[in-house]
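Observations on the model geometry
Listed below are the residues making up each chain.
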Amino acid sequence: MRIAALVLLVVLAGDAVLRAAEAGALVLRPATVDQFYVEPDAPARLAWRVSGGQAPAALEYRICDLWGRQEAAGEAAAADGAAEVDVTLPRGYHEIEFTAAERRFGIVALPPAGDAADPFFAIDSALSWLVADESVREGLVKALRRSGIRMSRERVRWGQVNPAKDRWQWDEGGRYDTLRRCYARHGVRVLEMFHDAPAHLGRSGRYPVDLIGAVEGAGRFVRQWQATWGALEIWNEPEISFGGEYPADQYVSLLKALLCGAERERLSVPVVAGVFAHYLEEYVTCAARNGILQCADAISFHTYDRAERMEALVASYRSWLERSGREGLPLWLTECGRPWRRGPDRPPLDQDRESALDIVMKAVEAKACGIARYFAFVYPFYEENANNFGMACRAGTPLGCMAAYAQAAAALGGMEYAGDLDCGKGEVLRARVFQSDERTVAVIYTGKAAPDATVRLPVPVVSAAGIDGRALALDAGGAVPIPDGLTYVVLDGAALGDRLRRDTEAMRLWRAGKKAPPAPRPPASEVFLRFEFDPAALEPRPGGYEIVKGRNGRVPLRVRIFNASSSPVEGVLNVQLPPGAALLGGEASAAVRIEAAGHADIAWEADLGRVIARGGWNGVQFAMRARNGASVLPLAIDVRGEPELAEVLEAFPRAMPLAIDNPAAWRHNIAGGGAMTVARTAEGAWRLDATFADGDRWVYPTFALPAGVDLRSACALAFRARCLNPADVRVILWEGADNVGYLTSRSIIPADGAWHVAVVDFKSLTLSGANDPDPDGKLDLDKVARLSIGMNARERSATLEVSALHILGR
């Protein structure tokens, strides 16, 4: 999701800003950035290069803490284009400000991590793309090792290093090779990731067409860089733009090819797959049917949601793995951040504290829920749209959120989740307890910063530390300060007694994550399948393939079989259609021969007209038996089409129309500053008109289900609707009177002004992250008493009409 194709422009723009500053004003640049990580309560010297403007003989400075409280002040001697300050700082985060230059720099005062480090704590650095200065890069890498962070996620642009078939330029442009050697020198392993294809391999959406060439390219990467890697992550967020919003089968086919090429070169590091931007049920289910879990040593995902929703998200992925027979497969969270507002070189301290709180608490939640590795996003300065995700300033010195993450690694490294401290009802939202042989630490979380906040815990407290590691003094009565919204509390583990709750949902997830991994993944096959969809007949979507309207369910099915081995392969390819579908001529099995390092195609045509009326996605499966005994993972696709409303109602034994055309039955629900009206058209359709102010553009009026309507016996909703303006049309089911909503993750109809029919299967609904968390993490149809029909608009006004709405049951 983050760091798109324009990142090189970001780097160049950043350099331009600094050059412009140097041209007119006094500029201080750190001599090195790793010097801003110092030993607490010990003398340290900080040095800068001074340029631009008129440098005074002495530069006044002041040092403040995370809350802006002054701790020290003085003058730095400036001479010969350099300035130095000697400091002795207590544990925690500090900022030094030079008033003449109007510049601030961050300082982390924590003990160095030493050689032992918890592999859980990692970071997404993207230095290949976001930092051009080699000396700054090296300083940032050295600071990672010192902070106990021993794995860094990096990106490579495949087309940049391999612009032509036989041309490889490993250190041009982003200087990839130099950086990876730097990581290796300082003992930080790279999580390598790429999500583009070079033009010479051809492209289908964002994926390479020539998978045999992709096999060879993957092997070349392994030969060049495997010695610097800690793991290989294949692609990035394939279900959104980085995968062209293609279905999961296309991603997994590429995964199989790249894994084949990597294993040829004796790949010895874990393969990480998935890399999901969101939990999209139909996407991950299809990915599993295509064999993703047989091609991965770990599954990765991303989230930019709030910490309180981490537990439910992890539960979704762990449930998917369990249903797919691979419950113990490790989960890695390889992007997880909280931005501040773009503009300045450093954020205001309140924004920095908010970023720190969410990044760190998501790490705490991930560790408690059994996630194997957590990568905070993103290490260097990085502006995107209205946000800055950086954990360092433009000059490379740490922000408070980086100090807080380093403190999390120091406080919780080597510890395991033990349960929750029972704090009763009150301000404490989470009280996760972690233990090792020597220590017991509770992370007390209120979710909001308040400088004078305190909480009383039900057990004796040994000591307390703020989010950045600074010591916090208990009051005379033993109350624990919690100014940052999160405090680390050292406890006497033997005194916890029954106050330690082990029967938590996090503990269930932690135990699942600690289970012995399933049997090792099988060796990669040199034969793999890919669906060759016809764009005139099928439109790719993340959930599957949409049949182009007007084809009456007739679908071409073409499969390309790749043989990456050095010998021809013969076998039989079989197609299995969903019940009610039929092949139009031909047999379900076809003999095939694939030449060495080549491919062959098998094609069928099927009639899916009877099955698309049932709504939802309909699975088509392809399986190959190779005569040489080679194992070939299956290919599975999902297809759906748009039926007529009469066909839908005929396909379901029970269909109950809802009378929604009374405007008085709808309760307004629109983004702040917006205005909406609900009316009945002359044709009897329900009509929603909305206008929006600046900011969010959503409108979801609510409708109370009539008395006697019970959705427990229902399975879906059928709509006939049209949207007259660019928008994503969605449905939300609300549980009881609470603000817990389950919604369609994507638009249910095209916003093209034409009438469309859609069937919304209740199983496809996902929890709305914009509303309240659901304690049990699942849609309870017996609690649903309201629904919303609405949209997220792309323009300042939008209109939606619905001519029919039915509750469907089987």
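Throughout what follows, the structure given in this document is the object of discussion. What you see is a predicted model, and the numbers here were worked out from it, not measured in a lab.

About the thresholds
- Residues numbered from 1 in each chain as written.
- Predicted model: local features only at pLDDT ≥ 70, side-chain atom pairs only at ≥ 80, totals over all residues.
- Heavy atoms only, no water.
- Helix = DSSP H or I, 4+ residues; strand = E, 2+ residues; numbered from the N terminus.
- Rg over C-alpha atoms; globule rule 2.2 N^0.38 Å.
- Buried < 20%, exposed > 50% of the residue type's maximum accessible area, 1.4 Å probe, protein only.
- Contact = heavy atoms within 4.5 Å.
- Areas by Shrake-Rupley, 256 points an atom, 1.4 Å probe, with all protein chains shown as cover.
- Pairing = 2+ DSSP bridges.
- Axes fitted to C-alpha atoms, helices over the stretch in contact; angles between N-to-C directions.
- Expected span 1.5 Å × (residues − 1).
- Polar contact = N/O pair within 3.5 Å; in protein donor to acceptor, adjacent residues only side chain to side chain.
- Core = buried A, V, L, I, M, F, W, Y, C linked by side-chain atoms within 4.5 Å.
- Parallel < 35°, antiparallel > 145°, perpendicular 65-115°, else oblique.
- Left-handed = near helix turned anticlockwise from the far one by under 90°.
- Salt bridge = Lys/Arg side-chain N within 4 Å of Asp/Glu carboxyl O.
- Phe/Tyr/Trp six-rings, centres within 6.5 Å; stacked < 30°, edge-to-face > 60°.
- Lys NZ or Arg CZ within 6 Å of the ring centre and 35° of its normal.

1. Here's the deal with the overall build of the protein
For the protein, the count of helices and strands is 14 helices and 53 strands. For a compact globule of 810 residues, the expected C-alpha radius of gyration is about 28 Å, and the protein comes in at 29 Å, within 12% of that figure. In the protein, which comprises 810 residues, the share counted as buried stands at 57%. Sequence-distant contacts in the protein: of pairs separated by 6 or more residues, those separated by 24 or more amount to 75%. Split by element, the accessible area of the protein, about 31100 Å² in all, is 49% carbon and sulfur.

2. Concerning the environment of Ala-716
Residue position: Ala-716 is located in strand S47 (residues 716-723). Judged by its relative accessible area of 2%, Ala-716 is buried. For the pair Ala-716 and Ala-655, spaced 61 residues apart in sequence, the C-alpha separation works out to 9.6 Å.

3. Considerations on the sheet that holds strand S35 (residues 569-576)
Strand order in this open sheet of 6 strands is S32-S33-S40-S39-S35-S37, and the pairing throughout is mixed. In this open sheet, the two edge strands, each paired with only one partner strand, are strand S32 (538-541) and strand S37 (589-594). Strand after strand, the sheet turns through a mean of 30 degrees between neighbouring axes, direction not considered. Sheet analysis places S32 next to strand S33 (residues 544-547), joined by 4 bridges and oriented antiparallel.

4. A few points about helix H6 (residues 211-225)
Between its terminal C-alpha atoms H6 stretches 21 Å, which fits the 21 Å expected from 15 residues at 1.5 Å a residue. Most of H6 is tucked away: 12 of the 15 residues are buried. Those residues of H6 that sit buried are Leu-211, Ile-212, Gly-213, Ala-214, Val-215, Gly-217, Ala-218, Gly-219, Phe-221, Val-222, Gln-224 and Trp-225. At the N-terminal end of H6, a side-chain oxygen is found 3.2 Å from the backbone nitrogen of Ile-212, two or three residues along, and the residue is Asp-210.

5. Some remarks on the pairing of S32
Because side chains alternate across S32, one face comprises the buried residues Leu-538 and Pro-540, and the other comprises Glu-539 and Arg-541, none of which is buried. Connecting S32 to the next strand, S33, in antiparallel fashion are 2 residues.

6. Brief notes about unusual backbone geometry
Residue Val-378 is bonded to the preceding Phe-377 through a cis peptide linkage, with omega at -5 degrees. Position of Val-378 relative to the elements: it lies in the loop between strand S19 (373-377) and strand S20 (383-384). Positive phi values are uncommon outside glycine, yet Val-275 reaches one of about 55 degrees. Counting through the fold element by element, Val-275 comes out in strand S15 (residues 271-276).

7. Section: the environment of Gly-74
By secondary structure assignment, the location of Gly-74 is in strand S5 (residues 70-79). For Gly-74, a relative accessible area of 24% corresponds to the partly exposed category. Counting along the chain gives 511 residues from Gly-74 to Gly-585, while the straight-line C-alpha distance between them is 87 Å.

8. Quick notes on the nonpolar core
Counting 192 residues, the largest nonpolar core has Phe-98, Ile-292, Ile-299, Trp-320, Leu-557, Phe-622 and Met-624 as the members making the most contacts within it. Ignoring any residue separated from it by four or fewer positions in sequence, one finds Leu-557 in contact with Phe-531, Val-575, Leu-577, Ile-602, Ala-603, Trp-604, Ala-606, Val-620, Phe-622 and Ile-637.

9. Some remarks on the packing of helix H9 (residues 310-323) against helix H12 (residues 505-514)
It is the contact of H9 with H12, at a shortest axis distance of 10 Å, that shows an interaxial angle of 40 degrees. As summarised for this structure, H9 and H12 are arranged oblique, according to the angle between their axes. Our pair here, H9 against H12, has a crossing hand that is left-handed. Contacts between H9 and H12 pair Glu-311, Val-314, Ala-315 and Arg-318 from the former with Glu-505, Ala-506, Arg-508, Leu-509, Ala-512 and Gly-513 from the latter.

10. Some words on the packing of helix H7 (residues 248-264) against helix H8 (residues 281-289)
Look at H7 against H8: their axes get within 8 Å of each other, and the N-to-C directions meet at 40 degrees. As judged from the angle between their axes, H7 and H8 are oblique. Crossing hand, H7 versus H8: right-handed. Packed against H7, whose contacting residues are Ala-248, Asp-249, Tyr-251 and Val-252, the element H8 presents Tyr-283, Cys-286 and Ala-287 at the interface.

11. Comments concerning the sheet that holds strand S21 (residues 387-388)
The strands that make up a sheet pair up through hydrogen bonds in the backbone, lying either parallel or antiparallel. Read across the open sheet, the 3 strands follow the order S18-S21-S20; overall the sheet is antiparallel. In the strand order of this sheet, the two ends are held by strand S18 (340-341) and S20, each with one partner. As defined by bridge partners, S18 adjoins S21 across 2 bridges and the pair is classed as antiparallel. Within S21, the position partnered with Arg-341 by the bridge is Asn-387.

12. Quick word on the pattern of salt bridges
Under the definition given, this model contains 65 salt bridges. With a shortest N-O distance of 2.8 Å, Arg-541 and Glu-539 are connected by a salt bridge. With relative accessibility at 34%, the residue Arg-541 sits in the partly exposed group. Note that Asp-601 and Arg-558 form a salt bridge whose closest N and O atoms lie 3.8 Å from each other. Here Asp-601, found in strand S38 (residues 598-607), pairs with Arg-558, found in strand S34 (residues 554-563); they are 43 residues apart in sequence, far enough to count as distant.

13. Let's talk about the pairing of strand S24 (residues 440-445)
Across the 6 residues that make up S24, a large majority, 6, are buried. Neither face of S24 is left uncovered, since the one carrying Thr-440, Ala-442 and Ile-444 and the one carrying Val-441, Val-443 and Tyr-445 both have all their residues buried. Where strand S23 (residues 430-435) and S24 come together, 6 bridges link them in antiparallel fashion. What sits directly across from Arg-430, in S24, is Tyr-445. Where S23 folds back onto S24 in an antiparallel hairpin, the turn is made up of 4 residues. Summarising the sheet, S24 and strand S29 (residues 486-491) pair through 5 bridges and their orientation is antiparallel.

14. A closer look at the side chain of Thr-334
Relative to the assigned elements, Thr-334 resides in strand S17 (residues 331-336). Classification of Thr-334 by relative accessible area gives buried; the value is 0%. A polar side-chain atom of Thr-334 sits 2.8 Å from a polar atom in the side chain of His-302. Setting aside residues no more than four positions away along its own chain, Thr-334 makes contact with Asp-124, Arg-153, Leu-191, Glu-233, Val-275, Ser-300, Phe-301, His-302 and Phe-375.

15. Topic: the packing of aromatic side chains
For the coordinates displayed, the defined rule picks out 42 aromatic pairs. Both rings, one in Trp-48 and one in Phe-105, keep their centres 5.6 Å apart while their planes meet at 55 degrees; by these two values the pair is tilted. Of the two residues, Trp-48 sits in strand S3 (residues 43-51) while Phe-105 sits in strand S8 (residues 103-109), which places them 57 residues apart along the sequence. As far as the burial class goes, Trp-48 and Phe-105 line up, both buried. The interplanar angle of 70 degrees and the centroid separation of 5.0 Å between the aromatic rings of Trp-170 and Trp-225 together place this pair among those described as edge-to-face. Residue Trp-170 is found in the loop between helix H4 (158-161) and helix H5 (176-185), and its partner Trp-225 is found in helix H6; the two are separated by 55 residues along the sequence. Taking the relative accessible area as the measure of exposure, Trp-170 reaches 10% and is therefore buried. Assessed through its relative accessible area of 0%, Trp-225 is described here as buried. The positively charged end of Arg-180 is found above the aromatic ring belonging to Trp-225, 4.5 Å away from the centroid.

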